[in-house]
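Chains, contacts and geometry: an overview
Listed below are the residues making up each chain.
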Amino acid sequence: RSTASRQKIAEAAEQLVLRNGRSGLTTSALVEVAKVSERTIFNHFKKIDNALTFRVAQHLEPIIDSPPFPHDLTLKQVPVAITNHFHAAVDSPHVQEHLKKFIVLAAALSYEEFEGMTQEIMLTLGTISDRFCSSIDRAYPQLTVQQSLANALCTVNLLMGVLMSFAAFAQESEQNSA
């Protein structure tokens, strides 16, 4: 039930921003669209912007979740497999659908609003990256600390590259339509 409420609030936050921009994301509007109490909203999210950041994360997480990362590689193959994983993910229709939703959401925010959310998005990307790298470290416990750190840096760079290219595309689209 708690997870369902959190999801409903995040989806409502996205709907409001898509309809009215960031200025449309108010507590009263969120209560009305999500059909939950104000208390429920703030039990799940410290600030209403966090509901939007949570939704952004939901659109970016499939990049690391699909396809499943292989568990039968040599240690030398792991870094290349990380890059291949991101390429395969971005080519996947499921991930493309989430990335489109991210683009549409990013485009609904003004440049300043997106910039204002950047810190939260960066923290979210760090969490997503950490989860992915931890799963690799568990699958390959023989990795050295240096190899693990190099894999983490590669993962962060790839994830940031995907995010920044799509965010730039969304912002350029906004400027071209203005």
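Residues numbered from 1 in each chain as written. Predicted model: local features only at pLDDT ≥ 70, side-chain atom pairs only at ≥ 80, totals over all residues. Heavy atoms only, no water.

It is worth spelling out the confidence of the model for the protein chain at this point. Summary statistics for the protein chain give a mean pLDDT of 88 and a share of 93% for residues scoring 70 or more. Predicted confidence in the protein chain is weakest over helix H9 (residues 145-177), with a mean pLDDT of 79, and strongest over helix H2 (residues 27-34), with 97. (pLDDT = per-residue confidence, 0-100. Helix = DSSP H or I, 4+ residues; strand = E, 2+ residues; numbered from the N terminus.)

A separate point is the packing of aromatic side chains. Per the stated rule, a full pass over the model turns up 3 aromatic pairs. Seen from their ring centres, Phe69 and Phe132 are 5.6 Å apart, and the 90° between their planes marks the pair as edge-to-face. Within this pair, whereas Phe69 is found in the loop between helix H5 (62-65) and helix H6 (78-91), its partner Phe132 is found in helix H8 (residues 111-139), the two being separated by 63 residues in sequence. Assigned by exposure class, Phe69 and Phe132 land together as buried. An angle of 80° between the planes, with centres 5.8 Å apart, marks the rings of Phe86 and Phe132 as edge-to-face. Separated by 46 residues along the polypeptide, Phe86 in helix H6 and Phe132 in helix H8 bring together distant segments of the chain. Of the aromatic side chains, those joined through ring pairs into one cluster are Phe69, Phe86 and Phe132. (Phe/Tyr/Trp six-rings, centres within 6.5 Å; stacked < 30°, edge-to-face > 60°. Buried < 20%, exposed > 50% of the residue type's maximum accessible area, 1.4 Å probe, protein only.)

Moving on, we get to H2. Residues of H2 that are buried include every one of Ala29, Leu30 and Ala34, and no others. Down the axis of H2, the buried side of the element spans an arc of 110°, and every buried residue falls inside it. Opposite the buried face of H2, at more than 90 degrees from it, the exposed residues are Ser28 and Glu32. Tucked inside the fold, the buried residues of H2 contact helix H1 (2-20), helix H3 (38-44) and helix H4 (48-60). Following H2 by one or two positions, Lys35 adopts a phi angle in the positive range, close to 60°. (Arc of directions from axis to C-beta. Contact = heavy atoms within 4.5 Å.)

This part covers the packing of H6 against helix H7 (residues 93-108). Two elements in contact, H6 and H7, have axes whose closest approach is 5 Å; the angle formed by their N-to-C orientations is 75°. One finds that H6 runs roughly perpendicular with respect to H7. Contacts between H6 and H7 involve Ala89, Val90 and Asp91 from the former and Pro93, Val95, Gln96 and Leu99 from the latter. A class-by-class count of the residues in the contact of H6 with H7 yields 5 nonpolar, 1 polar and 1 charged. (Axes fitted to C-alpha atoms, helices over the stretch in contact; angles between N-to-C directions. Parallel < 35°, antiparallel > 145°, perpendicular 65-115°, else oblique. Nonpolar A, V, L, I, M, F, W, Y, C, P; charged D, E, K, R; others polar.)

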